[in-house]
Amino acid sequence: MKRTFLRKIWAIGLGMSLVTFSCTNLDEELFDQVTADNFFRTDQELIAGLGAAYSSFGGLGNHSNLWSTNELVSDELIITTKGGDWFDGGVLQQLHLHTFTPDNGFFNNTWGMLYGGVNTANRLIFQFEELKAKGNPSADAFIAELRAIRALWYFWIMDGFGRGPLVTDFTDTEVKGASTRQQLYTFIESELNAIVDVLPTAKDATTYGRMTKWAALSVRAKLYLNAGVYTGTPQYAKAAADAKAIIDGAKFNLEPTYKDNFAVNNAGSNENIFVYPYDKVFNGGFNWPMMTLHYASQTVYNFTAQPWNGYSVVEEFYNSYSNPVTNPGPQGPVWLGLAVDANNDKVPDTQGTLDDRLSNFVVGPQYKPSGEKAIDPAFEGIDPDGTNLNFTPKINELGPNAWRQGGARIGKYAYELGGTPNMSNDFVVFRYADILLIRAEALWRISNADAEALTLVNQIRTRAKVTPFASLTADNFLAERGREMFAEMTRRQDLIRFGKFGQAWGFKPAKDAASVTKYSLFPIPKQQLDANSKLTQNPGY
Amino acid sequence: MTKLYLFVRRYLAVLLVLGTLVSFAQERVVTGKVTSSDDGSGIPGVNILEKGSSNGTVSDSDGNFRISVGSNATLVFSFVGYQAQEVTVGSQSAINVSMQSDVTALSEVVVVGYGTQEKKEITSAVTSIKSEDFNKGTVNDPVQLLQGKVAGLNITRAGGDPNGGFNIRLRGVGTIGANAEPLVVIDGIIGGSLSTVDPNDILSIDVLKDGSAAAIYGSRGGSGVILVTTKSGKKGTTQVSYNGSYAIENVNNSIPVMTAEEYRQVPGHVDLGSTTDWLDVITRQGNAQVHNLALSGGSQSTTYRASINVRNTNGVGLKSGFEQLNGRLTLTQKALKDRATFTVNLASTTKDAQLGNAASFNYGILANPTMPIYDNTTTSPTAGGRFGGYAERDIFDFFNPLSLVEQNERDKKETRQQASLRAEYDFSDLVEGLRFAAFYSAQRESDFYGSYSKKSAKFGGNNGLGFASRSTDQRVNELFETTVNFDKNLGGADLALLAGYSYQDFYNEGFGLSGGNFVTDAFTYNNLSTALDFNNGLGSVFSYANSNKLVAFFGRANVNIGGNYFVSASARYEGSSRFGENNKWGLFPAVSAGVTLSNLIDIPSVNSLKLRASYGVTGNQPGSSYISLQKFTRTGSFFYNGVFGPSYGPQSNPNPDLKWETKAEIDFGFDFAMLNNKLTGTFDYYNRTTTDMILPVNVPQPPNLVQQTEVNIGELKNSGFELSLNYAAITKPDFTWTVGGNIGTYKTQVVSLKNDIYNFAETGVLYRSSMGAPGQSAVQTVRVKEGDPLGQLWGALYDGVNADGSYKFVDIDGDGTVDPTSDDDRTVIGNGLPSATFGFNNSFTYKHFDMNIFFNGAIGHELLNSYRGFYENNETTTIKNWNIVKTEFYDPKVTKANVNSIHVEKADFLRLNNMSIGYNVPLESGAAVRNLRFFVAGQNLFTLTNYTGVDPEVRYKDTDSDDGLAPGIERRSTYFTTRTFTFGVNLGF
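Model, not experiment: these values are computed from the prediction.

1. Quick word on the sheet that holds strand E3 (residues 56-58) of chain B
Backbone-to-backbone hydrogen bonds pair the strands of a sheet. The strands run either parallel or antiparallel. Residue and element names in this part refer to chain B. The strand order E3-E2-E5-E6 describes an open sheet built from four strands, whose pairing is antiparallel. Every other strand in the sheet has two partners, leaving E3 and strand E6 (85-88) as the edge strands with one partner each. With strand direction ignored, the average angle separating the axes of adjacent strands in the sheet is 20°. Bridging between strand E2 (residues 47-50) and strand E5 (residues 74-78) involves four bridges; their strand directions are antiparallel.

Spelled out as structure tokens, the structure:
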């Protein structure tokens, strides 16, 4: 009896412990995720990994990121508050008025995009270095490409924020404080110097959308052009030389028609040096029609989604195209005011210069594909053509009661009829016309009477079907650069370089020197200061 | 008293013996008197029932009674505050009964983790609600049965969406991380799905409130535990019961907006020529049918209960409702000379739901009241020619509210299956008091969605192309547990020991696809291959799968010393695959003790008094799997050699140290009964500290791969008291009145948002909860500040209206300029969390009638009324595009929408949650029908509140961002509240 009992107890105990100790493994089993343990093994996986180096460029076409921030603090674009619409806690008005603060989300988004790019480049460089050590022959080319991309991220960091942690080694896990602008400048320059001759020079399908020698030279040319701002020591001769290297490379030339560079299918442009290829199917995120067009523009373009009515063009900037004095050329009717004809149709009420580059804008009355007028039932009483949708270059106020149809809209990239919120146009990062203007400016800075400088500018003007300039001045050069490079993220740099960043435009009053110094740099985002105790804020914020 | 009790028991035993000796099989009259054993006085109002029939009577004012009984009758004497007695009549014609007062009204059995305990032995904060105390009316979700019934347990659902779920918070907000809702355990199935249980099948629900009671559930007990026990069969009975009801439901409250007539008086209005009451257009009278048929019974060795539940509900919103079929079988069989007990539980639920479109409520409120419903033209301002004939306008953020519902389908099919087997073996013949049990359960939940927006639908219709989606999710979990119980009397002390092992794994998977561009609407979501989006590369597909598992060892020791002192200690050592590799296992201990003071000293007019104190540590799991790992994911596309290829990049930073959130809780309480047990009550004070909450913090990138890492961070403190009282106020023969109530108070403080390395907020302040479009996207309305209470609504302080129509705000920092976007001129403008919630119940019986009236409410919280924040103004956009919200606060001088303190309102409320009146049909003794009751119940009959929004109910999280840090906001798509009347019958035979 006793033994039976003991045996039973023993059996129970054994049974329980068997059950118990067999199931204590707590490793996570993955099904729909990859980790470094089960990825980056095949060539295909590696190429997919390399692709991540370019993913951060996807932020270029979004609202509230690098491009938006650069444009909205310049005299090109503005987002007015239309009643309750587009106030967003004042962050948009702050950008225009140069009163922005470190908690403005635009800056954190920008920082995130740029440092996300740096980080990915560091990681991939580390991975390809390991492959190189194992004797992979193509690793060197990939590493050069990644260093070029990283140099571009750091160029934008240095240009926008002025300072930032300089991290180049993926395995270095120490949190770093900010390097100075000079330190970043030196790093970018030395990196580009090291790789510019290793990068591919072909202009074909293998290099489309990738970092080439020409793209790297474009970065370095811009670095040198603005060197006076960045370091106090101008480098115009070097800028001119880099631009000339691209020109002499003979891979690019001006397209006969300006707007072809921005067509829905602009992959064939001979002028675009480096683009980020967007696609409505494969690579969404280029949202300009949503960001700029009016709600009722949906019916004009038959978009699958309703636009948001945000970004407009600053009135003076729009006017710089049609002004016959500062931009001489053939005259004709242009949209400026609010006049209507007997049919209550808006008419181009002013004579002005018919610059070919007015294709940069959507302005005037809007018609549906059927030819009917597009309707905006919530029109303001002041609008003389009633409910008809038309974009007037005039913007009445920054807010709170800005006209919903006020301001010309961005028309730079062609909008696809029946399009989705994601455009298929490829985003132009560097363009040959910019290179010509860089060389022109550098030469003109070295010598105001430089003949080649004037010739280069007039190449641009002639292509735009306006009258060539007789001579170059700071004002007419800056204005010409503005007309050509509208919405291509150069304007903030240009205004700062020309010392015009403190000027009044739109609803922003003229600012004193201290203010210009402060707002010429973006604030280090509050979230980044929260996350990294070694970071300090830029002066004045 | 004990002596007396023994005497009565002996006396009764003699009676019983005598009764059985001389029994005659014939009907006759029995008379007698019921007296109290305390003082010998007659007790009026005692229920006297012939056992097994509905034949019964009630004692008169002197305690005398008279009843006709059949042969072999047994009489059951019952009365509130006294122990029920059974007396076999035998040959007696006079029976005098002395009723023993119920020494402890605390003698009921309470379900606790892994077992049951007598209430008098409980040393932690546990509340048990029996089915007779559940909320009345049409109740589709089991937790609704408890709404307002348990002090400290708050169950909220704003609005009356029949498919909407409830938010459950025990003792306020205990975490700002994941898993803020209590763990649900159904008949031992941990994490059981409440949708497998029909409210009709629930016997009791027990709530483990404090840390010591919940600690046996370890890393999942942090937000409290709700134990659901379903009904089962009883030995020696065979019963059939049917419960059926039909309910009608109407809109109770929405947002006041201008009528067409009022709107036409507003300067600048857009008159579209019609008069439409949009709220009327998009709602209807809802209805609900519930049928429950249950068969139960049992022989010596087998008991069973089987039930079928049918529910058919149509909500007040068009196309919102469901049809549900639920079946449940419980079978218990004894074997091996009754030493082995096997219990099988099977449950299955299928639910076909139409989800309606909550946006129709939003746009129903916004819609211009002069707009026609239909307009089939192509040129008018409301031309709906291309929108299926529904009038539409080309303005921002507007859709025809009726078209939203009628041209959009959103369907969901749910399937829930649950099976469990418990095998117990009693080893008492070998070792006295030794029992062993093994338990296995499996649960499978699947949701299958389909949605379609017609080509002509402006909302979702993809600009004339149509859009469809289908998706399915499946969640499976299996639980295996073994437990050993050992009970021993150590002379003077009873010892109860429990040890166990638990293994549970979870596997979730799903897939879905969506695309548009159809030639015809004919297929809706049933033929997705015809969507040209897939041919054009614009369709989207997804699939996923993930798993996690939990392993635990647990034990508990309960000591009962002479029925006077009680001590309990428990611990669970638990590991989870979701924890980081350096922290896979956590220990969750608890200890509690109690003393029945009334056994030791005599306190005048107090029948019993037990003091208790407890301390327990519980945990909380990460909200999802794999968050401690470094993962890569598809980051988009990349143009490579002329074609787009996928690019892969990092998705998360690794955190191998990730562990559980920890909550330590102290609870002091007492349970008492006094005034001859007429007044009973429970009081608790709790104080909880939650640390190591699992939250994403911003980290510098580089060196980190991505900008956020999930870490353990922060500290939250939480305290309050809970009181529940029950008083049998009137106990007359024909009339009884019992009144009861409960209240729980809450104080939640954000102590810290950082740890040694990371900051959730560098400056100790976070802003949450964007107000939204149009125009107020960057306006954060909630502030979270270290050292301050959780739930602060934050904004500018209203100070009238400026001449230009903008709001005038108080210059808080006194610097002469008012900047409502700066913190200098913003302040705390409300508190989103309540300071107390309460319930208040009255039940009456009068002869064969019964009536129950139940109120609940909350005080101390405010709500931000979003509708007012956007649309209660004369801004041009509002007037031209939409209708104007018109509450008592409407000020036509305001021409600029800008949310501020004027839009934050006190939301204290008292609600007549439910009220029911029933009639028990008196039945002849021995009739085939055992009981028959008719009832009528009303739910949400009225609400006393000054809040002008849809529902003053507490919002524990922001419904737009699903953010637990941002309570107190009523968003714009809140389903209207409803009022329900139910007529029903309960039939048993």
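2. Considerations on the packing of helix H8 (residues 213-225) of chain A against helix H14 (residues 432-446) of chain A
Think of two packed helices as two axes; the pair is described by the angle between the axes and how far apart they sit. Residue and element names in this part refer to chain A. Contact pair H8 / H14: the axes reach a minimum separation of 11 Å and the direction vectors enclose 30°. Classified by the interaxial angle, the pair formed by H8 and H14 is roughly parallel. Judged by the twist between their axes, the crossing of H8 over H14 is left-handed. Taken together, the residues of H14 that come into contact with H8 (itself represented by Ser-218, Ala-221, Lys-222 and Leu-225) are Ile-435, Ile-438, Glu-441 and Ala-442. Of the residues contributing to the contact of H8 with H14, the split by class is five nonpolar, one polar and two charged.

3. Overview of the confidence of the model for chain B
Detailed reading of the predicted model is not advised wherever pLDDT is low. Residues and elements named next belong to chain B. Overall, the predicted model of chain B reaches an average pLDDT of 90, with 96% of residues at or above 70. Predicted confidence for residues 1-25 stays below pLDDT 50, and this span has 23 contacts to residues more than four positions away or in other chains. In the predicted assembly, ipTM is 0.80 and pTM is 0.84.

4. A closer look at the nonpolar core
One finds Leu-146, Ala-148, Tyr-154, Ile-188, Ala-215, Ala-216 and Ala-239 of chain A to be the most contacted residues of the largest nonpolar core, which totals 142 residues. For this core, the element with the most residues is helix H6 (residues 139-160) of chain A, which contributes 13 residues. Excluding its chain neighbours within four sequence positions, the residues that come into contact with Ala-216 of chain A are Ala-148, Leu-192, Ile-195, Val-196, Leu-199 and Met-211 of chain A. Counting residues in each nonpolar core, the second largest holds 51 residues, with Ala-296 and Phe-303 of chain A together with Trp-278 and Tyr-871 of chain B among its members.

5. Side note on the domain arrangement of chain A
Residues and elements named next belong to chain A. The domain architecture assigned to chain A consists of domain 1 (43-198 + 499-529) and domain 2 (288-421). Relative to domain 2, the C-alpha centre of domain 1 lies at a distance of 32 Å. On the domain 2 side, the residues contacting the 19 residues of domain 1 number 19 residues. For the side of domain 1 that touches domain 2, the elements supplying multiple residues, two or more each, are strand E1 (77-79) and helix H4 (91-97). Sorting elements by how many residues they give to the side of domain 1 that touches domain 2 places E1 first, with three residues. For the side of domain 1 that touches domain 2, the class distribution of residues is seven nonpolar, eight polar and four charged.

6. A look at the packing of helix H13 (residues 315-322) of chain A against helix H16 (residues 474-485) of chain A
Residue and element names in this part refer to chain A. Put simply, H13 and H16 touch, their axes get as near as 10 Å, and they point 100° apart. With respect to each other, H13 and H16 are oriented roughly perpendicular. Of H16, the residues touching H13 (which contributes Phe-317, Ser-320 and Tyr-321) are Ala-479, Gly-482 and Arg-483. Looking at side-chain class alone, the contact of H13 with H16 contains three nonpolar, two polar and one charged residues.

7. Description of H16 of chain A
All names here are of chain A. A rise of 1.5 Å per residue sets the reference length of H16, with its 12 residues, at 16 Å; its end C-alpha atoms lie 16 Å apart and thus fit the reference within 8%. Along H16, the positions that sit buried rather than exposed are Phe-477, Glu-480, Arg-481, Arg-483, Glu-484 and Met-485. Trailing H16 by a residue or two, Ala-487 shows a phi angle of about 65°, which is positive.

8. Notes on unusual backbone geometry
All names here are of chain B. Cis geometry marks the peptide bond from Gln-701 to Pro-702; its omega dihedral reads -10°. Within the secondary structure, Pro-702 is located in the loop between strand E33 (679-698) and strand E34 (708-731). Following Pro-702, the chain continues to Pro-703 via a peptide bond in cis, the omega torsion being 5°. One non-glycine residue, Asp-338, lies in positive phi territory at about 70°. Along the polypeptide, Asp-338 turns up in the loop between strand E20 (320-335) and strand E21 (340-355). When the 10 C-beta atoms within 10 Å are taken as the criterion, Asp-338 is described as exposed. The phi torsion at Asn-463 lies on the positive side, around 55°, for a residue other than glycine. Summarising the element assignment, Asn-463 is placed in the loop between strand E23 (434-453) and strand E24 (467-489). You can call Asn-463 buried: it has 20 C-beta atoms within 10 Å.

9. Section: the environment of Gln-749 of chain B
Residue and element names in this part refer to chain B. Examined against the element boundaries, Gln-749 turns out to sit in strand E36 (residues 747-752). Exposure remark for Gln-749: the 16 C-beta atoms within 10 Å place this residue in the partly exposed category. On a C-alpha basis, the gap between Gln-749 and Asp-161 in space is 32 Å, while along the polypeptide they are 588 residues apart.

10. A few points about the interface of chain A and chain B
For an interface, size is often stated in terms of accessible area lost upon the parts coming together. At the interface, 80 residues of chain A touch 73 residues of chain B. Listed by contribution, the elements that provide at least two residues to the side of chain A that touches chain B are helix H1 (2-22), helix H2 (43-55), helix H5 (105-133) and helix H19 (526-531) of chain A. Residue composition of the side of chain A that touches chain B, grouped by class: 36 nonpolar, 31 polar and 13 charged.

11. Looking at the environment of Ser-916 of chain B
Looking at where Ser-916 of chain B falls in the secondary structure, it is placed in strand E47 (residues 909-920). Not counting residues within four places of it along the chain, the set of residues in contact with Ser-916 of chain B comprises Lys-136, Gly-137, Met-851, Asn-852, Phe-935, Val-936 and Ala-937 of chain B.

12. Some words on the domain arrangement of chain B
All names here are of chain B. The domain boundaries assigned to chain B delineate domain 1 (2-99), domain 2 (109-236) and domain 3 (241-746 + 833-861 + 907-977). Centre-to-centre separation of domain 1 and domain 3, based on C-alpha positions: 46 Å. Across the boundary between the two partners, domain 1 contributes 13 residues, which contact 14 residues of domain 3. A breakdown of the residues in the side of domain 1 that touches domain 3 according to their chemical character gives three nonpolar, eight polar and two charged.

Cut-offs and rules
Residues numbered from 1 in each chain as written. Chains lettered and ligands numbered in written order. Predicted model: local features only at pLDDT ≥ 70, side-chain atom pairs only at ≥ 80, totals over all residues. Pairing = 2+ DSSP bridges. Helix = DSSP H or I, 4+ residues; strand = E, 2+ residues; numbered from the N terminus. Axes fitted to C-alpha atoms, helices over the stretch in contact; angles between N-to-C directions. Parallel < 35°, antiparallel > 145°, perpendicular 65-115°, else oblique. Left-handed = near helix turned anticlockwise from the far one by under 90°. Contact = placed C-beta atoms within 7 Å. Nonpolar A, V, L, I, M, F, W, Y, C, P; charged D, E, K, R; others polar. pLDDT = per-residue confidence, 0-100. Core = buried A, V, L, I, M, F, W, Y, C linked by C-beta atoms within 7 Å. Buried ≥ 20, exposed ≤ 12 C-beta atoms within 10 Å, placed from the backbone. Domains from an automatic or database assignment. Expected span 1.5 Å × (residues − 1).

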